[in-house]
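# Notes for the structure review
Spelled out from the first residue to the last, the chains are:
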Amino acid sequence: MTYSKKVLEHFQCPRNVGEVEGANGVGTVGNAKCGDIMQMFIRVNDEGIIEDASFKTFGCGAAVATSSMATEMIKGKSIDEALQLTNSAVVEALEGLPPAKIHCSVLAEEAVKAAIDDYMKRKNGEKRE
């Protein structure tokens, strides 16, 4: 399997690893078939801007790289902008993924949305549909 330089860079030197201090949104997703588990942490300010984002991922190199890239892509964005993040955008930002690893980018998108769901639930006492 061949990975782009960008995937290898985000796998070998991932950004935003660990838990965000004062996170007010946490999302956990997993794929039982491949064993990848992603946990995404976000801290959203009063204006609805994601001030910080981080992750903990148990999985393959592509899972780590997609988690890393997704956090980079949502930092500084509004909730609405972050909700527009797609797995395709993550793959494009990483300059491609092998077909067998596309599911990792789907998990990254789902983890971001799960963290936002958690944030909205905590903020409003309800879940975004």
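To start, this report covers the structure provided alongside it.

What counts, and where the lines are drawn
- Residues numbered from 1 in each chain as written.
- Predicted model: local features only at pLDDT ≥ 70, side-chain atom pairs only at ≥ 80, totals over all residues.
- Heavy atoms only, no water.
- Helix = DSSP H or I, 4+ residues; strand = E, 2+ residues; numbered from the N terminus.
- Rg over C-alpha atoms; globule rule 2.2 N^0.38 Å.
- Buried < 20%, exposed > 50% of the residue type's maximum accessible area, 1.4 Å probe, protein only.
- Contact = heavy atoms within 4.5 Å.
- Lys, Arg positive; Asp, Glu negative; His and termini not counted.
- Charge placed at Lys NZ, Arg CZ, Asp CG, Glu CD.
- Pairing = 2+ DSSP bridges.
- Axes fitted to C-alpha atoms, helices over the stretch in contact; angles between N-to-C directions.
- Salt bridge = Lys/Arg side-chain N within 4 Å of Asp/Glu carboxyl O.

When helices and strands are tallied, the protein chain shows five helices and three strands. When the helices and strands of the protein chain are read in sequence order from the N terminus, they spell out α-β-β-β-α-α-α-α. Relative to the compact-globule value of 14 Å for 129 residues, the protein chain shows a C-alpha radius of gyration of 14 Å, a close match. For the protein chain, the C-alpha atoms occupy an extent of roughly 45 × 30 × 25 Å along the three principal directions. Residues counted as buried form 44% of the 129 residues belonging to the protein chain. Sequence-distant contacts in the protein chain: of pairs separated by 6 or more residues, those separated by 24 or more amount to 60%. For the protein chain, the separation between the mean place of its 15 positive charges and that of its 19 negative charges on side chains is 5 Å.

Moving on: the sheet that holds strand 2 (residues 36-44). Strand order across the open sheet formed by three strands is 1-2-3, with antiparallel pairing between neighbours. Single-partner strands in this sheet number two, and they are strand 1 (25-31) and strand 3 (50-58). Between one strand and the next, the sheet's axes are offset by a mean angle of 15°, whatever the strand orientation. Two strands pair when backbone bridges link them, and strand 2 and strand 3 are joined in this way by eight bridges, in the antiparallel orientation. Counterpart to isoleucine 42 in the pairing with strand 3 is alanine 53. The sheet contacts of helix 2 (residues 61-74) involve strand 2 and strand 3, and relative to strand 3 the element is tilted by about 175°.

A few words now on the side chain of serine 67. Counting through the fold element by element, serine 67 comes out in helix 2. Exposure remark for serine 67: the relative accessible area of 0% places this residue in the buried category. Setting aside residues up to four positions removed in sequence, serine 67 forms contacts with Met38, Met40, Phe55, Thr57 and Ala108.

The next point concerns unusual backbone geometry. Of note in the backbone geometry, asparagine 16 takes a positive phi value of approximately 60° without being a glycine. Note on placement: asparagine 16 falls in the loop between helix 1 (5-12) and strand 1. Positive phi outside glycine occurs at glutamate 95, with the angle close to 60°. As for its placement among the helices and strands, glutamate 95 is situated in the loop between helix 4 (87-93) and helix 5 (102-124). Classification of glutamate 95 as exposed rests on a relative accessible area of 54%.

Looking now at the pattern of salt bridges. Working definition: two side chains of opposite charge can pair if their charged atoms are close together. Inspection of the entire model under this criterion finds six salt bridges. Across the pair arginine 15 and glutamate 9 runs a salt bridge whose closest N-O atoms are separated by 2.5 Å. Across the salt bridge formed by glutamate 51 and arginine 43, the nearest N and O atoms sit 3.4 Å from each other.

Before going further, it helps to examine the environment of glutamate 92. In this structure, glutamate 92 sits in helix 4. On a C-alpha basis, the gap between glutamate 92 and glutamate 72 in space is 13 Å, while along the polypeptide they are 20 residues apart.

On to the environment of glutamate 110, then. On the secondary structure map, glutamate 110 appears in helix 5. Taking C-alpha positions, glutamate 110 is 18 Å from aspartate 52, a pair spaced 58 residues apart along the chain.

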